[in-house]
Amino acid sequence: MKNSIKISCLMAVISLQLFTSCSDNVDSNEPLPYPPIGGYETSDDIAKSNLIVKLGFEDNINDAFNGATGGVATNVTYVEGVKGKAYNGTSTSFVGYSASSAKLIGLKSITSSMWIKTSPGSGAQCLFMLPKTSDFFGNIFVLIDGSSNGNMNLKVHIQKTGADWSGQWMEHVGNNALPNMYGEWKQLVWTYDATTSKYKMYVDGEKLNLSDGFTNRYASDPSNGGLPLGGLVNSDASKFVIGGFQQHLGAPWGTPEPWMIPYTGLMDEFRIYDIALSDVEVRFLYKLEKSKR
């Protein structure tokens, strides 16, 4: 009987030691041995040399790659996001950066990636903008333009100064509006490839089925011999905005018109690459960020 008690006590001590050891390992700063996804350890490993803007919104508006610098946040707070903290917008919130890097201004191809969590609203809410001092509209921007039948109307604008069709609008409205975008975190990625002159849109890592007329971009009317759009050309580029229009920055753009509303939802893991990520890379980016890597 005594031997049984001794053995039981010994086993309890060993179990406690093992539990403590495991707990110490979990609580340490050592990385957990997660298996790679698609050969990538973290989301930053995807096209690492082409990542030129990254905003994690970890209680700050700092760009890890200095693509946008000199940021000033107006009425921005932070809440729990997809990975750590996230940007929390209101009808008066936005971030203005005083300078954009040469890489950001000189984009020929682009991938824009972000997570958003929002609800239907009125007016046009700008997610981000690379401003243009000589035009009412900016060079590159994305805005949510209300909703229809519960689907999100999203508009993307890119620029090729000098082309007949210099300002290119990709409007996800009507049959191309985005379904199931409200009330939960959704990863939104779009790309434009200067080599193929093609535009693509992805939601939660999945490429949307868009018509050739929507995807293929031209510098002028293709029915009259117009050529593919080719590389983007931004002009008179100045500053950078998250969650607002260039008009929210004041001079030289004046004041915002009533329909120009800052983004009122949540945003996390904002990225810009100077290439068009492949379908596979976008899928892995989604999986890695969703697993908080």
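Everything below is about the structure printed above this text.
As the structure is a computational prediction, the values presented were derived from the model and not from experiment. (Residues numbered from 1 in each chain as written. Predicted model: local features only at pLDDT ≥ 70, side-chain atom pairs only at ≥ 80, totals over all residues. Heavy atoms only, no water.)

A. Broad picture of the overall build of the protein. Helix and strand counts for the protein stand at four helices and 16 strands. Counting across all 293 residues of the protein, residues that qualify as buried make up 47%. A fraction of 67% describes how many contacts in the protein between residues 6 or more apart in sequence connect residues 24 or more apart. Accessible surface computed for the protein: about 13,700 Å², of which carbon and sulfur atoms make up 54%. (Helix = DSSP H or I, 4+ residues; strand = E, 2+ residues; numbered from the N terminus. Buried < 20%, exposed > 50% of the residue type's maximum accessible area, 1.4 Å probe, protein only. Contact = heavy atoms within 4.5 Å. Areas by Shrake-Rupley, 256 points an atom, 1.4 Å probe, with all protein chains shown as cover.)

B. Spotlight on unusual backbone geometry. Residues Ala251 and Pro252 are joined by a peptide bond in cis, for which omega reads 5 degrees. Considering the arrangement of structural elements, one finds Pro252 in the loop between strand S14 (240-242) and strand S15 (260-262). One non-glycine residue with positive phi stands out, namely Ala47, at about 45 degrees. Following the sequence through the fold, Ala47 ends up in the loop between helix H1 (2-27) and strand S1 (51-55). You can call Ala47 buried: its relative accessible area is 14%.

C. Broad picture of the pairing of strand S10 (residues 167-172). The two faces of S10 differ: Gln168, Met170 and His172 on one face are buried, but Gly167, Trp169 and Glu171 on the other face are not. As paired strands, strand S9 (residues 151-159) and S10 are joined by six bridges and run antiparallel to one another. Bridging from a neighbouring strand, Gln159 pairs with Gly167 of S10. (Pairing = 2+ DSSP bridges.)

D. Highlighting the pattern of salt bridges. With the rule as written, the count across this model stands at eleven salt bridges. Residues Lys83 and Glu269 are paired through a salt bridge, measuring 3.8 Å at the closest nitrogen-oxygen approach. On the criterion of sequence distance, the pair formed by Lys83 in the loop between strand S3 (77-80) and strand S4 (85-88) and Glu269 in strand S16 (residues 266-273) is long-range, its members being 186 residues apart. A network of salt bridges, in which partner residues are shared, links Asp44, Lys54, Lys83, Glu269, Arg271 and Glu289. (Salt bridge = Lys/Arg side-chain N within 4 Å of Asp/Glu carboxyl O.)

E. Geometry of the nonpolar core. Grouped together as the largest cluster of nonpolar side chains are 47 residues, with contacts concentrated most on Trp190, Ile242 and Phe270. Apart from residues lying up to four places away in sequence, Trp190 is in contact with Ile110, Thr111, Ser112, Phe128, Ile140, Val142, Val156, Ile158, Tyr199, Lys200 and Met201. Counting residues in hydrophobic clusters, the runner-up holds 13 residues, among them Leu51, Val282, Phe284 and Leu285. (Core = buried A, V, L, I, M, F, W, Y, C linked by side-chain atoms within 4.5 Å.)

F. View of the side chain of Thr191. Position of Thr191 among the secondary structure elements: in strand S11 (residues 186-193). If we skip the residues at most four places from it in the chain, Thr191 touches Ile110, Thr111, Lys198, Tyr199, Lys200, Tyr202, Ala276 and Leu277.

G. A look at the pairing of S11. Extensive coverage of S11 is indicated by the burial of seven of its eight residues. As paired elements, strand S6 (residues 110-117) and S11 share seven bridges and run antiparallel to each other. What sits directly across from Ser112, in S11, is Trp190. When S11 meets strand S12 (residues 198-203), the two strands line up antiparallel, connected through six bridges. Bridge pairing in S12 links Leu188 to Val203. Between the antiparallel neighbours S11 and S12 lie four residues, among them Ser197 with a positive phi of about 55 degrees.

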